[in-house]
Every structure is written in C-alpha cells, then in structure tokens.
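The primary structure of each chain is shown beneath.
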Amino acid sequence: MKFLKLNNKTYDIFKWIAQILLPALGTLYFALSKIWGLPFATEVVGTIAAVDTFLGAILGISSINYNKGLENGGE
C-alpha cells in the first residue's frame, strides 16, 4: 500500500522547509515583533511551530514508509 511516500525532491524540499525555513522565520518574526512592536508575536510563532511540527510528522511517516519499502525489496 502506497500511503504517504514522497518522492526524493519533494521530501528534500519539505525537509529544508521544516529544518531551516520555518524555525528561522519564527525566530525572525519573534525578534522583530519585540523590536518593532509587531502584533501577535506569540500567536504567529505558535502557529509556525505547529505547522513545523505537523510537517515533521509527515516527513517522519514518509521516511518510515520509504524504509519499509526498501526492506520489502522495492522503493
């Protein structure tokens, strides 16, 4: 059963977003909100963290499915 198995390019893009982009974006907004008085710092950073956590879970599931496929002799 093919369930949530991303191709390599898609996986790599999502991984970069989850590991680099979203944490950096959350940190940037939080820092700038304190300096410039931007609104809803906690809400924005919390939302980014929730999306990042969800994306990490999707990547983890995809990785497990990929590895199971390798164990069963296919990709």
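Shown above is the structure to which this text applies.
Treat the numbers as computed from the prediction; the structure is a model and nothing was measured.

*Asks:* How should I be thinking about the overall build of the chain in this particular structure?
*Replies:* In terms of helices and strands, the chain carries two helices and zero strands. Compactness check: the chain gives a C-alpha radius of gyration of 16 Å against a globular reference of 11 Å for 75 residues, more than 25% above the reference. Taken over the C-alpha atoms alone, the chain extends approximately 55 × 15 × 15 Å along its principal axes. For the chain, the proportion of contacts with a sequence separation of at least 24, taken over those separated by at least 6, is 63%.

*Asks:* Would you mind showing me how to read the side chain of Ser 33 here?
*Replies:* In this structure, Ser 33 sits in helix 1 (residues 8-36). The buried category is assigned to Ser 33, whose relative accessible area is 5%.

*Asks:* Looking at this model, I keep getting lost on a nonpolar patch on the surface. Mind explaining?
*Replies:* Together, Leu 25, Leu 28, Leu 32, Ile 35, Trp 36 and Leu 38 line one region of the surface with nonpolar side chains, adding up to about 620 Å² of accessible area. Topologically, Leu 28 is positioned in helix 1.

*Asks:* It is not clear to me how the nonpolar core should be interpreted in this structure. Could you clarify?
*Replies:* Side chains of a nonpolar character, in soluble globular proteins, are inclined to be buried together. Judged by nonpolar contacts, Ala 18, Leu 22, Ile 48, Leu 55 and Leu 59 together constitute the single largest core of five residues. When residues of this core are traced back to their parent elements, those giving at least two are helix 1 and helix 2 (41-71). Per element, the largest residue contribution to this core is three residues, and it comes from helix 2. With residues up to four places along the chain from it excluded, the contact list for Ala 18 reads Pro 23, Asp 52, Leu 55 and Leu 59.

*Asks:* Is there a simple way to explain helix 2 in this structure?
*Replies:* Residues spaced three or four apart along an α-helix face the same direction, because each turn holds 3.6 residues. The end-to-end C-alpha separation of helix 2 is 45 Å, in line with the 45 Å expected for 31 residues at 1.5 Å each. Three or more residues of helix 2 are buried, namely Ala 41, Ile 48, Asp 52, Leu 55, Ile 58, Leu 59, Ser 62 and Gly 69. In the core, the buried residues of helix 2 are packed alongside helix 1. Two residues or fewer past helix 2, Gly 73 is found with a positive phi of approximately 85°.

*Asks:* Where do I start with the side chain of Asp 52 in this structure?
*Replies:* Structurally, the position occupied by Asp 52 is in helix 2. Buried charged residue Asp 52 carries no salt bridge. Nearest counter-charge: Lys 15, at 12 Å. Residues within four places of Asp 52 in sequence aside, it is in contact with Ile 17, Ala 18, Leu 22 and Pro 23.

Rules used in this analysis
- Residues numbered from 1 in each chain as written.
- Predicted model: local features only at pLDDT ≥ 70, side-chain atom pairs only at ≥ 80, totals over all residues.
- Heavy atoms only, no water.
- Helix = DSSP H or I, 4+ residues; strand = E, 2+ residues; numbered from the N terminus.
- Rg over C-alpha atoms; globule rule 2.2 N^0.38 Å.
- Contact = heavy atoms within 4.5 Å.
- Buried < 20%, exposed > 50% of the residue type's maximum accessible area, 1.4 Å probe, protein only.
- Patch = residues over 30% accessible without salt bridge, like charges linked within 9 Å, V, L, I, M, F, W, Y side chains within 5 Å.
- Areas by Shrake-Rupley, 256 points an atom, 1.4 Å probe, with all protein chains shown as cover.
- Salt bridge = Lys/Arg side-chain N within 4 Å of Asp/Glu carboxyl O.
- Core = buried A, V, L, I, M, F, W, Y, C linked by side-chain atoms within 4.5 Å.
- Expected span 1.5 Å × (residues − 1).
- Lys, Arg positive; Asp, Glu negative; His and termini not counted.

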